[in-house]
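What follows is the residue order along each chain.
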Amino acid sequence: MAKVNLGGIEIEVDEDGFIVDPSVWNEKVAQALASTEDVPSMSEEHWKVVKYLRDYYQKYNIAPMIRKMCKDTQVDLKHMYELFPTGPAKGACKIAGLPKPTGCV
Amino acid sequence: MAKVNLGGIEIEVDEDGFIVDPSVWNEKVAQALASTEDVPSMSEEHWKVVKYLRDYYQKYNIAPMIRKMCKDTQVDLKHMYELFPTGPAKGACKIAGLPKPTGCV
Amino acid sequence: MESVQAEQRRTDIGPPQYEQFLHPVIKKNYGKWKYHEIVKPGVLVHVAENGDKLYTVRMGSPRLINVDTIRMICDLADKYCDGYLRFTSRHNVEFLLSDLSKVDPLIDAIEANGYPVGGTGKSITNIVHTQGWVHCHTPATDASGIVKAVMDELYDYFKTMTLPAKLRIALACCLNMCGAVHCSDIAILGVHRRPPKILPNLNKLCEIPTTVAACPTGAIAPVVVNGVQTVEVNEEKCMFCGNCYTMCPAMPLANSLNDGVSIWVGGKVSNARHAPMFSKLAIPYLPNNPPRWPEVVNAVKNIVEVYAKDAKKYERLGEWIERIGWPRFFDMTGIEFTKYHIDDYRFAATTFNTSTHFTL
Amino acid sequence: MESVQAEQRRTDIGPPQYEQFLHPVIKKNYGKWKYHEIVKPGVLVHVAENGDKLYTVRMGSPRLINVDTIRMICDLADKYCDGYLRFTSRHNVEFLLSDLSKVDPLIDAIEANGYPVGGTGKSITNIVHTQGWVHCHTPATDASGIVKAVMDELYDYFKTMTLPAKLRIALACCLNMCGAVHCSDIAILGVHRRPPKILPNLNKLCEIPTTVAACPTGAIAPVVVNGVQTVEVNEEKCMFCGNCYTMCPAMPLANSLNDGVSIWVGGKVSNARHAPMFSKLAIPYLPNNPPRWPEVVNAVKNIVEVYAKDAKKYERLGEWIERIGWPRFFDMTGIEFTKYHIDDYRFAATTFNTSTHFTL
Amino acid sequence: MANETKKSSTPLLDELEKGKWPSFVKEIKKMADKNPRAKDLLGQLELSYTDKVTHWKHGGLVGVRGYGGGVIGRYSDSPDKFPNVAHFHTMRINQPSGWFYTSKALREICDVWEQHGSGLTNMHGSTGDLVLLGTSTDNLEPIFTKLTSKGWDLGGSGSVLRTPSCCAGPARCEFACYDTLKLTYDLTQEFQDLLHRPQFPYKWKFKMSGCPNDCVASVARADMSIIGIWKDDIQVDQQAVREYAKNGVNIQSEICDLCPAKCMSWDGNDLKIVNKWCNKCMHCINALPKALRPGKERGAAILIGAKAPILQGAQMSSVLVPFMKMEPPYKELKDLVEKIWDFWGEYGKNRERIGELIQRVGMGQFLEALELDPKPQMVANPRTNPFIFYEEYFEEEGEEK
Amino acid sequence: MANETKKSSTPLLDELEKGKWPSFVKEIKKMADKNPRAKDLLGQLELSYTDKVTHWKHGGLVGVRGYGGGVIGRYSDSPDKFPNVAHFHTMRINQPSGWFYTSKALREICDVWEQHGSGLTNMHGSTGDLVLLGTSTDNLEPIFTKLTSKGWDLGGSGSVLRTPSCCAGPARCEFACYDTLKLTYDLTQEFQDLLHRPQFPYKWKFKMSGCPNDCVASVARADMSIIGIWKDDIQVDQQAVREYAKNGVNIQSEICDLCPAKCMSWDGNDLKIVNKWCNKCMHCINALPKALRPGKERGAAILIGAKAPILQGAQMSSVLVPFMKMEPPYKELKDLVEKIWDFWGEYGKNRERIGELIQRVGMGQFLEALELDPKPQMVANPRTNPFIFYEEYFEEEGEEK
Ligand code: SRM
Ligand code: SRM
Ligand code: SRM
Ligand code: SRM
Ligand code: SF4
Ligand code: SF4
Ligand code: SF4
Ligand code: SF4
Ligand code: SF4
Ligand code: SF4
Ligand code: SF4
Ligand code: SF4
């Protein structure tokens, strides 16, 4: 796996650009990841979603289902794609430093 | 339910002669119950079985299956019926002060 | 009272050897029967390879009979059958005789005593049933009473052989289903419809782990209430099977307002033509309406009559439904199809219709 | 590289409206077809109510085709069909034309390019299949390779219509079963046979709760090893479905020694005569033997040939087996019946033989 | 008021004296005149008819000395109102094979029962026992002693071998493919101890039917159903077939068309059967008993596992041994049965029928434990799901495990 | 040594160039000559043929901007050996209804793909998409932009509405009972957002077949299978039936005897159908297309829940609505579908298909939630177990709860 410079540190990422070790995540890393996902700058709303994802993951060890995520963050899906043009799974989860979503593709 | 005198105390029993409140059981009660079940006197072997039943019940809250009971006490079924002519369920469990076995009759 | 002790106490002798009870013609031709014919309703003749004949006269019985009735039957057997008789797997009486000339007098004598002769061939024979309020502790309905009311109504079907095929009815008074209720052309099944109550002395009467394990849907959980061990029932999960009560007297279900009867159809046991089949739900609930359960009687009669009119020769009830399809069965009988008919238990998915094979 | 940005970026436009792709004769007779006939293997004619005719020439395709082949097909379509063509639900190509005189030249041109014409009526048409080693991450076998080897052997059945009925073969390279493998006359299914390994970095790659929930048999439990969260697999309970790997890259199953192929028979999809049926296990395991999987090819061929010889007209493979019974199927094909054939999953009890309906 | 006739104390039950079918109420009433137990039963039953619930208390555990089964204890919940049914235990008497009796034998039972019990019976119970309905604990031993002295023994109840039962078989039926009466008697005797003294996880029922008509409904309600079948060709008397045809039987539509194996054909003269496809369903033989008979090489199919719905839904028995010769001393059968009981005793949970255990461990595992070969006859169809527990695999090094 | 011919680097795959069936190896090889991705694919595949495992890594999550699906990410596990397939993503292009194309349209796709991808395709994928096999991440946006500009859009992947597909239907088949092409197009357009942006618990597939022959295998692999049927009588042209008979079709044995409803009879002149028993199986119509046609009152049956075996065994779809008119704007259907999606969104677990959810909550509950009436057409047979969750009962006081 490749190492890339994210927010000033060399971090291992997989081919899809997901960070491999969740523990290296910090806000700077998030910001750096955001720029790879068509999110030029992280607004408050972006952070709300990203922090929600992290909290959820830390609590349950899984990423929330999308419907739940929209409900809990009060961001509807359309707007979610505006915030994260590459989508909640690829974009938001990556920025939040979660493991890459698997399964149904 | 009727009260009968078992080992000197008035004890409530059901129609089949099982004591209703397991906590009143003691060895004297057992001896008295034994005499209602064609067991004129309690030998060491009788006690072994009865105590095994009580221990098992106290541990698991259920009576053991007959096969297990024979195995654990090393008393084969034939001999069990010699010891307790009315059988392990009706005889031995009653003497041991367990709730009346239910189900499959 | 006479001295019982005088008699010898034997054990483990098993039932009497059957040969001593066999009619001489049977003994002679044991295993050598060639064919049989139904002489007329209720009368069979079995013909042996050597030409010997054995006549059987089948008498309907309420199954719950007293010793005087048994003696009456014995009298008839003595008079017409050299004392030989048997009972059938559906609780009818069969008189066995080798003399044709005695058949009709025997029938007359049976009927003079108030019992019918019939039940052979394409008829409705006796209803296999259970104890009900006469003797059991878990019934949701009575057994003998419904059987009597239904058989009164279907009496002619017992005495004739006009149906497309045999039609076998069974009744069980609770979900323990003592009988072949689950594989009957028509089954009458007692059902509870309220969750068990939990009596305060449960901890003294019941093994709690066994009680918890007894519930097929896991509705029962052990709990401690005021320091006393007991159980609680998740009513959402309870489908009133009564198995908890079987294991634990402190969880009664019987309830005069809610207990009742369900009707099932299309089961069979024989391998003739179609493999054995389970009975399927036709009517989820009819009220207990003693002494004559008119709703149940009418429901059974209606099914029998629609079947009798529409089925082809040799077609058992279940085979008929399989041909015409369930939509038409419900249509023709006027029975309502409800969500209760759709299985939601373990094998539910295997009962869904995954085809366009249906009629509209 | 040319400038991509120049082009407009549109989204959510959906597929092109189909009408623009319909042959004029189709447009004219849309919904007004009266009947069809199979002119000869691979050639259909659909006749409209007004007498208009549309010819279809069906060409076999390996499905994995390159753009030049598509262009070749387009050339043929341009030359013979005014540019109109379609693909079928089983990945064959269909040339659509209104001029009968062009049919044979078209066929010649197709075959000159190395592709066969056929697959209609009582034939073996294309094998529906999946990615295998060409593109997927979970396969237990290759897809295209086996398909090629099998179709080489069954080629004549594609080009003729000599079978009792249609025979549909499908292949899936793992238990995800991308395709109608579970309802095919003959199904070829890649199977793993070793439990997953557990890679050390599991905690970083996988959601442990999701992984645990992914196992149909509950074989996976979360554990902590040397302070690191991971999972363990109860190998007794593992039946190698691979769902854990789908969810968790750190649990690979693929194994060159143990992966292989199973064969299933008797499924169908259409409602014709018999309702749709699942495919049932015929052969639990055959080895992966690339490049030509001779064991698999022979097994399939054997089944086809026994069926072709014995079944009655219109009888699909599953209908034939239902008539002759599974004992004779195993007997006639020489396939061994093992304990693996007896279901032990959720609905197992519904698959047992509860009758004497069998042959010895 | 003066004209008021005496009011019946059982107005509801009286309704069931009406109608043509013989009345169980009459049976009870007749006995009630001379037997106080029968009288109180009537009263309590009327009460049940009034308030629509049973008035029997839960359970009851009584028996005779040395036996763990055979008696169903029963107590009234209203002993004050109905003191004569305060106890009302049932005794299950093991019926003779095929329910054949002589009047003499029956009278002896009647006499004992009239003296010591309610005088009411079930002829018979669903399992097959001759059921004596209603007596008190103190009468159990006297009844038992008297009946055994006449040659009768108790049947089963509880977690025991239940009273085996069988169809009329070779005694009265031309279709019997083995001697159901003899086998029933033999097994009952052989396993007496298991019948009287609970040592199984739950009940076990044997039912023997002489042919696939299954006149004792064994497939629906026996843990082991032993059903007579044949192996060779159906015996056909073509002349007799023609007779039937002449007498109006439509051989094509009533016989050939209904054959589930579609293996029969009729050309107006000869009835042809492709016996290798025959399902042994009995239909053609049933319909033309003068012309057709089962083959000569006879035995039985052994099916396993039927039971009522509790705990996880009803089951029918399913094929375990497609064909077994069925001749004394029935060694093959008994060996098999004992193996199964061992397995069940070892692995069965409390109140787990064998059919449930097989589902739990899987038929394949069960067969392996019994050392029986899997046979396609055992299944309606092979598995449809791909969740196969393959047992052998290669180790990385290439060695078989 | 001197005579040694050049050794192929793909000796195993070369074997698959032999034989009569068109060879996918040839397809790859031909492309390999000019396309480095195709060349490395060939190399990696040969490696898989050698060591019998895939050389694709797990997963891959790539896509185009604003979409959550439509691209399957794929990476080689041996990028050093096969750098040109280090990335090898698949793009799923939403095919036109019924897979009808013109050569012009196809050529446009080919041109884009040759430039930006491997030049290899699947025509088509099992779900129905036109599958473009193998490109790298940086090409995704360019391809997408070019294709959309030509009128093509991506298909589905992930937890979305998957690309709906349908049979030839009224375009090329006389059996079609509704317009499968139109409905497919309409639903695809209507639910674009759901197709591109995952918001379901798992995948959802629609498949439309014009008649019960089900030529898109919808019953086996669509969460909702929409199968054309008719309500009234089969249209019969007796003269045409006689023609078939004259030409050698045995109407009795090939048609009547095979009718699963046994509702047909043939007297040598007229073919009679008791339509009220007809199962709409299509057999007679299939066999005699010139003579028989579906009835005139047409629509579709809606079946629900098919899926592959993971997690709990494969399912086929089962009847949800026995008959529905199928005409634009398809309001009844769309309302139903949205209700189902709401229910599924609310109660479905992660990766739970609708068919699994229905099993979990029970069909009865599901119907109630949808406010659909239970109908006997929904079941192969009503329940056989007595474990009924009765919902209403009386309180002690006699009041309905
Ligand atoms: C006496 C009895 C056996 C016994 O040992 O007691 C018996 C006796 C005969 N049965 Fe039976 N069957 C008897 C219970 C059964 C049962 C069990 C049950 O009903 O619980 C079945 C299975 C029923 C089911 O499938 O649900 C049964 C299914 C048959 C069949 C198959 C009928 C069918 O088409 O499905 C036949 C064949 C026939 O009647 O042609 C048959 C045929 C016969 C024959 C003709 C056999 C013979 O050659 O002697 C006997 C006379 C039948 C008649 O009544 O017309 N017997 N028969 C049972 C009489 C019960 C009664 O009192 O009415
Ligand atoms: C072109 C195609 C539909 C499409 O939109 O692409 C199609 C076209 C026709 N099908 Fe089909 N079927 C097509 C896939 C199917 C499938 C799906 C599958 O195989 O995955 C089925 C269900 C198969 C199954 O049951 O497993 C299917 C089951 C039928 C049947 C029912 C046959 C049966 O007896 O079970 C008919 C009726 C018949 O052939 O008489 C039928 C009839 C037809 C007719 C005759 C309909 C018509 O009047 O035009 C068409 C020509 C059939 C032929 O090949 O002889 N079509 N047909 C598909 C061709 C696939 C191919 O390339 O070979
Ligand atoms: C008397 C009899 C009904 C009758 O009127 O004929 C009967 C009566 C009872 N059965 Fe039964 N069963 C009787 C034949 C059956 C049968 C039919 C058979 O044996 O052919 C079955 C269905 C087959 C089977 O074994 O599964 C049957 C399945 C049950 C069950 C459910 C067992 C199961 O595994 O699901 C129970 C419940 C239990 O064992 O706890 C049960 C329990 C009972 C109990 C003991 C009630 C209880 O919960 O403890 C009933 C005692 C009633 C009483 O007070 O007399 N009875 N029981 C039958 C025995 C008479 C005899 O010995 O001949
Ligand atoms: C490409 C395709 C196979 C093909 O060669 O045609 C395919 C390929 C994959 N399928 Fe599929 N499925 C494809 C049609 C199907 C079908 C058939 C259908 O749609 O008609 C099914 C069975 C029907 C169904 O939906 O249940 C199918 C059932 C699955 C499943 C099992 C789903 C289940 O509920 O059991 C998975 C596993 C998953 O979703 O995690 C799966 C997963 C996959 C994945 C994404 C692998 C994975 O585990 O993530 C495969 C990607 C392969 C690759 O690298 O390209 N694929 N998959 C088909 C899609 C092409 C297209 O869009 O046209
Ligand atoms: S069916 Fe139920 S209520 Fe009736 S006798 Fe059997 S256990 Fe008792
Ligand atoms: S009645 Fe049945 S479902 Fe209800 S709690 Fe008791 S055992 Fe469980
Ligand atoms: S069947 Fe399995 S291995 Fe094959 S393409 Fe589908 S998911 Fe991949
Ligand atoms: S392969 Fe399947 S059965 Fe085995 S552990 Fe993984 S998910 Fe469970
Ligand atoms: S089961 Fe067969 S052998 Fe026994 S009585 Fe019935 S028909 Fe005769
Ligand atoms: S016994 Fe049944 S299957 Fe065998 S030939 Fe006769 S009717 Fe056919
Ligand atoms: S499903 Fe019916 S309408 Fe559609 S192509 Fe097939 S036969 Fe024609
Ligand atoms: S469509 Fe099928 S069921 Fe209907 S009449 Fe024709 S063959 Fe019979």
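Residues numbered from 1 in each chain as written. Chains lettered and ligands numbered in written order. Predicted model: local features only at pLDDT ≥ 70, side-chain atom pairs only at ≥ 80, totals over all residues. Heavy atoms only, no water.

Visitor: Describe in detail the coordination of the iron atom of ligand 4, supporting the description with residues and values.
Guide: Inspection of the coordination sphere of the iron atom of ligand 4 shows a single protein donor, Cys178 of chain D (SG), at 2.3 Å. For Cys178 of chain D, the location among the structural elements is in the loop between β7 (169-172) and β8 (186-191). (Donors = N, O, S within 2.8 Å, 3.2 Å for Na, K, Ca; no water. Helix = DSSP H or I, 4+ residues; strand = E, 2+ residues; numbered from the N terminus.)

Visitor: So what's going on with the coordination of the iron atom of ligand 1? Residues and values would help.
Guide: What the protein offers the iron atom of ligand 1 as a donor is a single atom, Cys215 of chain E (SG), at 2.3 Å. In this fold, Cys215 of chain E is placed in the loop between β7 (206-209) and α9 (218-221).

Visitor: Please give an account of the arrangement of the chains that cites residues and values.
Guide: Regarding chain A and chain B, which are not in contact, the minimum distance between any of their C-alpha atoms is 35 Å. Across the gap from chain B to chain F, with no contact made, the nearest C-alpha atoms are 19 Å apart. (Contact = heavy atoms within 4.5 Å.)

Visitor: Quick one: what's the story with the state of the cysteines, residue by residue and with numbers?
Guide: Evaluation of the coordinates by the stated rule reveals two disulfides over all chains. Bridging Cys206 of chain D to Cys248 of chain D, the disulfide has an S-S length of 2.1 Å. Disulfide Cys206 of chain D-Cys248 of chain D: torsion about the S-S bond near 75°, hence right-handed. With Cys206 of chain D in the loop between α5 (202-205) and α6 (208-213) and Cys248 of chain D in the loop between α7 (243-247) and β11 (260-265), the pair connects residues that are 42 residues apart, well separated along the chain. Like Cys206 of chain D, the residue Cys248 of chain D is buried in the burial classification. In this structure Cys81 of chain C is not part of a disulfide, and its nearest cysteine sulfur, from Cys74 of chain C, lies 11 Å away. With a relative accessible area of 0%, Cys81 of chain C lands in the buried category. (Disulfide = S-S within 2.5 Å. Buried < 20%, exposed > 50% of the residue type's maximum accessible area, 1.4 Å probe, protein only.)

Visitor: Please provide a residue-by-residue account of the side chain of Ser270 of chain C, values included.
Guide: In this structure, Ser270 of chain C sits in the loop between β11 (260-265) and β12 (280-287). Taking relative accessible area as the criterion, Ser270 of chain C reaches 10% and is therefore assigned buried. Looking at Ser270 of chain C, its side chain comes within polar contact range of the main-chain nitrogen of Ala272 of chain C, at 3.3 Å. If we skip the residues at most four places from it in the chain, Ser270 of chain C touches Ala275, Pro276 and Arg316 of chain C together with Pro212 and Asn213 of chain E. (Polar contact = N/O pair within 3.5 Å; in protein donor to acceptor, adjacent residues only side chain to side chain.)

Visitor: Describe the environment of Glu44 of chain A, listing the residues and the values that go with them.
Guide: Assignment of secondary structure puts Glu44 of chain A in helix α2 (residues 44-60). C-alpha separation for the pair Glu44 of chain A and Cys93 of chain A, spaced 49 residues apart in sequence, amounts to 16 Å.

Visitor: Lay out the site of ligand 1 in plain terms, naming residues and giving numbers.
Guide: Taken together, 33 residues surround ligand 1, and among them His46, Thr88, Arg90 and Thr125 of chain C together with Cys215 of chain E come closest. In this structure ligand 1 sits where residues from chains C and E come together. A distance of 2.8 Å is found between an oxygen atom of ligand 1 and a backbone nitrogen or oxygen belonging to Ser89 of chain C. Measuring from an oxygen atom of ligand 1, one finds a backbone N or O atom of Ala168 of chain E at 2.8 Å. Elements with a minimum of two residues in the shell around ligand 1: β1 (33-40) and β2 (43-48) of chain C. Here the residues of the shell around ligand 1 are counted per class, giving nine nonpolar, 12 polar and 12 charged. (Near = heavy atom within 4 Å. Nonpolar A, V, L, I, M, F, W, Y, C, P; charged D, E, K, R; others polar.)

Visitor: An account of the interface of chain D and chain F is requested, with residue identities and associated values reported.
Guide: With 121 residues of chain D at the interface, the matching set in chain F holds 124 residues. A per-residue breakdown of the area chain D buries against chain F is headed by Arg9, Trp133 and His135 of chain D, which together make up 7% of the total. Taken together, the connections running from chain D to chain F amount to 11 salt bridges. Residues Lys290 of chain F and Glu37 of chain D are paired through a salt bridge, measuring 2.9 Å at the closest nitrogen-oxygen approach. (Buried area = accessible area lost by both parts, 1.4 Å probe. Salt bridge = Lys/Arg side-chain N within 4 Å of Asp/Glu carboxyl O.)

Visitor: Tell me about the pattern of salt bridges, and name the residues and values.
Guide: Opposite charge on two side chains allows them to pair when their charged atoms are near. In total, this model carries 109 salt bridges over all chains according to the counting rule given. Note that Arg9 of chain C is salt-bridged to Glu141 of chain E, the shortest N-O span being 2.7 Å. Placement of the pair is Arg9 of chain C in the segment before α1 (24-29) and Glu141 of chain E in helix α5 (residues 137-149), with the two residues belonging to separate chains. Judged by relative accessible area, which is 27%, Arg9 of chain C ranks as partly exposed. Given the relative accessible area of 24%, Glu141 of chain E is considered partly exposed. Note that Asp343 of chain D and Arg383 of chain E form a salt bridge whose closest N and O atoms lie 3.9 Å from each other.

Visitor: Talk me through the sheet that holds strand β2 (residues 89-93) of chain E; I want residue IDs and the actual numbers.
Guide: Read across the open sheet, the five strands follow the order β4(C)-β4(E)-β5(E)-β2(E)-β1(E); overall the sheet is antiparallel. On the outer flanks of this sheet lie β4 (64-66) of chain C together with β1 (71-72) of chain E, each paired with one strand and no other. Bridge analysis of β1 of chain E against β2 of chain E gives two bridges, and the strand direction is antiparallel. Bridging across to β2 of chain E, Ile72 of chain E finds its partner in Thr90 of chain E. Seen against the sheet, helix α2 (residues 24-32) of chain E touches β4 of chain C together with β4 (120-123) of chain E and runs at an angle of roughly 30° to β4 of chain C. Set on the sheet, helix α4 (residues 103-116) of chain E makes contact with β4 and β5 (130-135) of chain E; between it and β5 of chain E the angle comes to about 15°. (Pairing = 2+ DSSP bridges. Axes fitted to C-alpha atoms, helices over the stretch in contact; angles between N-to-C directions.)

Visitor: Which residues make up unusual backbone geometry, and what are the values?
Guide: Here Pro290 of chain D and Pro291 of chain D are connected by a cis peptide whose omega angle stands at 5°. Considering the arrangement of structural elements, one finds Pro291 of chain D in the loop between β12 (280-287) and α8 (294-310). With omega at 10°, the peptide bond leading from Ile310 of chain E into Leu311 of chain E counts as cis. Structurally, the position occupied by Leu311 of chain E is in the loop between β13 (298-304) and β14 (318-324). Although it is not a glycine, Asp82 of chain C sits at a positive phi angle of roughly 55°. If you trace the backbone, Asp82 of chain C turns up in the loop between α2 (67-81) and β5 (84-87).

Visitor: Could you give me a rundown of the pairing of β13 of chain E, with the residues and numbers involved?
Guide: Residues and elements named next belong to chain E. By the criterion of burial, β13 is predominantly enclosed, with seven of the seven residues buried. Bridge count between strand β8 (residues 224-230) and β13: seven bridges; the pairing is antiparallel. Paired with Trp230 across the two strands is Arg298, which belongs to β13. Inspection of the sheet shows β13 paired to β14 by four bridges, in the antiparallel sense. Pairing of Ile304 across the sheet is with Ser318, part of β14.

Visitor: Residue-level account of α4 of chain E, with values.
Guide: Taking 1.5 Å as the rise per residue, α4 of chain E with 14 residues should run 20 Å; its terminal C-alpha atoms sit 20 Å apart, in good agreement. Regarding α4 of chain E, the residues found buried are Ser103, Ala105, Leu106, Ile109, Cys110, Val112, Trp113 and His116 of chain E. (Expected span 1.5 Å × (residues − 1).)

Visitor: Any chance you could break down the relation of the copies chain F and chain E for me, citing the residues and the numbers?
Guide: Of the transformation placing chain F onto chain E, the axial shift is 0.0 Å and the rotation is 180°, giving an RMSD of 0.0 Å. The relationship between the two copies is best expressed as a two-fold rotation axis. It is Asp257 of chain F whose C-alpha, among those of chain F, lies nearest the rotation axis, at 4.6 Å. A share of 100% of the interface residues of chain F reappears at the interface of chain E, consistent with the copies meeting face to face through the same patch. (Least-squares fit on C-alpha atoms with pLDDT ≥ 70 in both.)

Visitor: An account of the interface of chain F and chain E is requested, with residue identities and associated values reported.
Guide: With seven residues of chain F at the contact, the number on the chain E side is seven residues. Interface of chain F and chain E: buried area, both sides summed, is about 420 Å²; carbon and sulfur atoms make up 88% of it. A per-residue breakdown of the area chain F buries against chain E is headed by Pro309, Pro386 and Phe387 of chain F, which together make up 65% of the total. Here chain F is connected to chain E by zero salt bridges. Here chain F and chain E share zero residue pairs in polar contact (both at pLDDT 80 or more) between them. Residue composition of the side of chain F that touches chain E, grouped by class: five nonpolar, two polar and no charged.

Visitor: Go over the packing of aromatic side chains, please, and point to the residues and values.
Guide: Tallied over the entire structure, the rule returns 65 aromatic pairs over all chains. With a centroid separation of 5.5 Å and 90° between ring planes, the pair formed by Trp293 of chain C and Tyr49 of chain E is classed as edge-to-face. Here Trp293 of chain C is found in the loop between β12 and α8 (294-310), whereas its partner Tyr49 of chain E is found in helix α3 (residues 36-51) on a different chain. In this structure, Trp293 of chain C and Tyr49 of chain E share a single accessibility class: buried. On the basis of an interplanar angle of 70° and a centroid distance of 5.4 Å, the ring pair of Phe343 of chain F and Phe366 of chain F is categorised as edge-to-face. Note that Phe343 of chain F is positioned in helix α12 (residues 331-347) and Phe366 of chain F in helix α14 (residues 363-370), a separation of 23 residues in sequence. Each member of the pair, Phe343 of chain F as well as Phe366 of chain F, is classed as buried. (Phe/Tyr/Trp six-rings, centres within 6.5 Å; stacked < 30°, edge-to-face > 60°.)

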